[in-house]
Amino acid sequence: MSTQHVTLNRSGDKMPLMGFGCWKVENKDAEQLIYDAIKCGYRLFDNACDYGNEVEIGRGIARAIKDGLVKREELFVVTKLWNTFHSKDHVRPAFEKQRKELGLDYIDLYLIHFPVPLKYVAFDQAYPPGWYGVGQKKIQFERAPMHECWSEMEKLVDDGLARNIGISNFNVQAILDLLTYCKHKPATLQVEIHPYLPQKRLVEWVQAQEIHITAYSSFGPGSYVSLTDDGRSAEPLLQNDAISSIAQKKNKTPAQVLLRWAIERGIAVIPKSSHEERMKSNHDVFSWSLDDDDKKQIETLNKGLRFNNPDSYGFDLPLFS
Ligand SMILES: NC(=O)c1ccc[n+]([C@@H]2O[C@H](COP(=O)([O-])OP(=O)(O)OC[C@H]3O[C@@H](n4cnc5c(N)ncnc54)[C@H](OP(=O)(O)O)[C@@H]3O)[C@@H](O)[C@H]2O)c1
């Protein structure tokens, strides 16, 4: 049985390598789905203000704790600061709103969702605010320097409200800059990783800085079919011939092969599924391994193909260029 946790820098907290992603979990299903995921063995939940379902996710967590399925300290709850709350006066209120909606005393890991400061939107104008301001048709930036935002994130750690802080969708340039002034180094970086976008050098470099990596969208285009042209036109990874033949050989599902491939690189994964059987099988990736030949074959699928790109959504923001 291979290791199921990584140890985070500074806090020494153990973060599960397997978690449950909460994007696109519908509000009406969220409470029961989280409860079921805890029953299946999931201990890490990946949330965000932007997903608009933290109240219901919190209810699922609370019910599981009340029913004795799990203790709070056995869970690892992740959530993310949205782009409109980067100014130093807005980080704490945004965090507090999310913490209360989740119904928790503390958050295990609080991430900056994107290195993109957008114009502030008050809670009573729109929540979650999304990418555009109310009534706007273009994104509008806010002059909120990252060093001020990060300093507020650090205060959440110092005040015992966030046990760890980290980043998402940052590239090496943005991380290098952050490392020049941070008091608390980011514990993790969450980025898109799948065989079409393995991000080999980014992963190696970031891991060498003692920052753990979490992969999102491990199954590739699936979540982007309704959102972008690239999502629609790419071959579904879950039906790819190479992935399917490895799965058949190992008597596993293609989803398990994709998740195991990341875990063998020391990368945490956060698959989302609304189906209990898939939830269970996705979680079962620690008792077997891929062969070297399988990994070599998966490497050949690299296309440098990124699906979660603000530019592809029409936001006029080539963030990863
Ligand atoms: N930081 C960021 O900017 C960012 C961006 C995107 C995502 N994320 C996080 O990463 C999580 C995962 O990424 P993701 O939502 O893009 O999707 P994902 O986990 O790669 O894929 C989810 C899709 O795959 C399907 N699926 C799940 N297990 C399956 C299986 N065993 N067989 C076949 N289909 C399966 C799901 O359908 P069913 O639900 O119908 O099973 C769903 O359509 C998100 O929930 C979110 O927490 C973060």
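Right, let's walk through the structure included here. The structure presented is a predicted model; accordingly, all values stated were derived computationally and were not measured. (Residues numbered from 1 in each chain as written. Predicted model: local features only at pLDDT ≥ 70, side-chain atom pairs only at ≥ 80, totals over all residues. Heavy atoms only, no water.)

## A few points about the pairing of strand β6 (residues 109-112)
Taking every second residue as pointing to the same face, both faces of β6 are buried, with L109 and L111 on one and Y110 and I112 on the other. Strand direction decides the pairing type here: strand β5 (residues 76-81) and β6, joined by four bridges, are parallel. The residue of β6 that forms the bridge with K80 is L111. As defined by bridge partners, β6 adjoins strand β7 (residues 165-168) across three bridges and the pair is classed as parallel. The residue of β7 that forms the bridge with Y110 is I165. In this fold, the crossover linking β6 to β7 by way of helix α4 (residues 146-158) has right-handed handedness. (Buried < 20%, exposed > 50% of the residue type's maximum accessible area, 1.4 Å probe, protein only. Helix = DSSP H or I, 4+ residues; strand = E, 2+ residues; numbered from the N terminus. Pairing = 2+ DSSP bridges. Right-handed = clockwise from strand over helix to strand, strands pointing away.)

## A closer look at the sheet that holds β7
Strand pairing in a sheet takes place through backbone hydrogen bonds and is either antiparallel or parallel in direction. Reading across from one edge, β3-β4-β5-β6-β7-β8-β9-β10 is the order of the eight strands in this open sheet, with parallel pairing throughout. Each edge of the sheet is formed by a strand with only one pairing partner; in this case those strands are β3 (19-21) and β10 (268-269).

## Things to note about the environment of G12
Its place among the elements puts G12 in the loop between β1 (5-7) and β2 (14-16). A residue is classified by how much of its surface remains accessible, and G12, at 35% relative accessible area, is partly exposed. Measuring from C-alpha to C-alpha, the distance between G12 and A187 comes to 9.8 Å, with 175 residues separating the pair along the chain.

## What about the site of the ligand?
The immediate surroundings of the ligand are formed by 28 residues, with D46, S217, K272, S273 and R278 found nearest. R278 has a polar side-chain atom sitting 2.7 Å from an oxygen atom of the ligand. Across the complex, the protein chains shield 87% of the 900 Å² of accessible surface that the ligand would expose by itself. Here the ligand is seated within the largest pocket. Grouping the amino acids of the shell around the ligand by side-chain chemistry returns 11 nonpolar, 13 polar and four charged. (Near = heavy atom within 4 Å. Polar contact = N/O pair within 3.5 Å; in protein donor to acceptor, adjacent residues only side chain to side chain. Areas by Shrake-Rupley, 256 points an atom, 1.4 Å probe, with all protein chains shown as cover. 1 Å grid on protein atoms, 1.4 Å probe; cavity = no way out; pocket = protein on both sides within 12 Å on 5 of 7 lines; lining within 4 Å. Sits in = over half its atoms within 2 Å of the grid points. Nonpolar A, V, L, I, M, F, W, Y, C, P; charged D, E, K, R; others polar.)

## A closer look at the layout of surface pockets
Computed from the structure, the largest pocket encloses a volume of approximately 1100 Å³. The wall of the largest pocket is formed by 47 residues, among which W23, K24, S217, G222 and S223 lie closest to the centre. Only β9 (212-216), α7 (229-233) and α10 (276-283) provide two or more residues apiece to the lining of the largest pocket. Per-element accounting of the lining of the largest pocket gives the leading share, three residues, to α10. Of the residues assigned to the lining of the largest pocket, the class counts are 22 nonpolar, 18 polar and seven charged. (Points joined across faces, edges and corners; volume = space filled by probe spheres on them.)

## Re the side chain of N309
One can find N309 in the segment after α11 (292-299). A residue is classified by how much of its surface remains accessible, and N309, at 17% relative accessible area, is buried. Sequence-distant contacts of N309, that is, excluding residues within four places in its chain, are made with L317, L319 and F320. (Contact = heavy atoms within 4.5 Å.)

## Description of the packing of helix α3 (residues 91-102) against α4
To characterise two packed helices, one gives the angle between the axes of the helices and the distance between these axes. Viewed as axis vectors pointing N to C, α3 and α4 meet at an angle of 45°, and their least axial separation amounts to 9 Å. If you check the angle between α3 and α4, you find them oblique. Like other packed secondary-structure pairs, α3 and α4 cross with a definite hand, here right-handed. Along its contact with α3, which presents V91, R92 and F95, the element α4 presents C149, E152, M153, K155 and L156. Class assignment for the residues of the contact of α3 with α4 results in five nonpolar, no polar and three charged. (Axes fitted to C-alpha atoms, helices over the stretch in contact; angles between N-to-C directions. Parallel < 35°, antiparallel > 145°, perpendicular 65-115°, else oblique. Left-handed = near helix turned anticlockwise from the far one by under 90°.)

## Comments concerning the pattern of salt bridges
In this structure the tally under the stated criterion is 23 salt bridges. In this structure, D158 and K183 form a salt bridge, with 2.6 Å as the shortest nitrogen-oxygen distance. On the criterion of sequence distance, the pair formed by D158 in helix α4 and K183 in the loop between α5 (172-181) and β8 (188-192) is long-range, its members being 25 residues apart. On the basis of relative accessible area, D158 is assigned to the partly exposed category, the value being 42%. Among the residues examined, K183 registers a relative accessible area of 55% and is labelled exposed. (Salt bridge = Lys/Arg side-chain N within 4 Å of Asp/Glu carboxyl O.)

## Describing the packing of helix α1 (residues 27-40) against helix α2 (residues 54-66)
Orientation of α1 relative to α2, taken along the N-to-C sense of each, is 35°, at an axis distance of 7 Å. As α1 packs across α2, the resulting crossing turns out to be right-handed. Residues N27, A30, E31, Q32, I34, Y35 and I38 of α1 lie in contact with α2, whose contacting residues are E56, I57, R59, G60, I61, R63 and A64. Split by residue class, the contact of α1 with α2 holds seven nonpolar, three polar and four charged.

## Comments concerning the side chain of Q199
On the secondary structure map, Q199 appears in the loop between β8 and α6 (200-208). For Q199, a relative accessible area of 17% gives the class buried. With residues up to four places along the chain from it excluded, the contact list for Q199 reads V191, E192, I193, R265 and R306.

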